[in-house]
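Listed below are the residues making up each chain.
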Amino acid sequence: MKKDRNQKQYIFICNGKDCLKNGSRALRKELEREIKSRKLKNSYQVVETRCMDHCKEGPSVVVNNCWYGKVSTKDIDALLSKKAAR
Ligand code: FES
């Protein structure tokens, strides 16, 4: 099987009740705005998910099969650099 090196990096953001309370919607909007402003739309896709069962640690985000908790807009640079860690 051949890996497509140009495929998009998916960033999964929890859209569950507790993460919404902790700012996941604002995080998603800011992340999408940053992706657009950095002209990275061909590199990243933001995907909302259901609860990831880490509700007390939300907002929950998964990038590259790694889970991150208590993610805020201050972490966007780090999230967008996860592609390089592949
Ligand atoms: S609500 Fe986000 S992990 Fe449960």
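Shown above is the structure to which this text applies.
On a predicted model such as this, the values are computed, not experimentally measured, just so you know.

Cut-offs applied
Residues numbered from 1 in each chain as written. Predicted model: local features only at pLDDT ≥ 70, side-chain atom pairs only at ≥ 80, totals over all residues. Heavy atoms only, no water. Pairing = 2+ DSSP bridges. Helix = DSSP H or I, 4+ residues; strand = E, 2+ residues; numbered from the N terminus. Axes fitted to C-alpha atoms, helices over the stretch in contact; angles between N-to-C directions. Salt bridge = Lys/Arg side-chain N within 4 Å of Asp/Glu carboxyl O. Expected span 1.5 Å × (residues − 1). Buried < 20%, exposed > 50% of the residue type's maximum accessible area, 1.4 Å probe, protein only. Arc of directions from axis to C-beta. Contact = heavy atoms within 4.5 Å.

Draft legend 1. Summary view of the sheet that holds strand β3 (residues 61-63). Strand order in the open sheet formed by four strands is β2-β1-β3-β4, and the pairing between neighbours is mixed. Both edges of this open sheet fall to β2 (44-49) and β4 (66-68), since each of them pairs with a single strand only. Each neighbouring strand pair of the sheet contributes to a mean axis angle of 25°, computed without reference to strand direction. Bridge count for β3 against β4 is three bridges, and the pairing is antiparallel.

Draft legend 2. Structural context of the pattern of salt bridges. In the structure shown here, the tally under the stated rule is seven salt bridges. The partner of Arg28 in a salt bridge is Glu32, with the nearest N and O atoms 3.1 Å apart. Of the two residues, Arg28 and Glu32 both sit in helix α2 (residues 24-37), four residues apart, roughly one turn of that helix. Through salt bridges with shared partners, a single ionic network connects Glu30, Arg33, Glu34, Arg38 and Asp77.

Draft legend 3. Structural detail: α2. Over its 14 residues, α2 runs 20 Å from end to end, which matches the ideal 20 Å to within 8%, given 1.5 Å per residue. Residues of α2 that are buried: Ser24, Leu27, Arg28, Leu31, Glu34 and Ile35. Projection of α2 onto a plane perpendicular to its axis shows the buried side chains occupying an angular sector of 130°, all on one side. Contact partners of the buried residues in α2: β1 (9-14), α1 (17-21), β2, β3 and α3 (76-80). Lys39 occupies a position one or two residues after α2 and carries a positive phi of about 55°.

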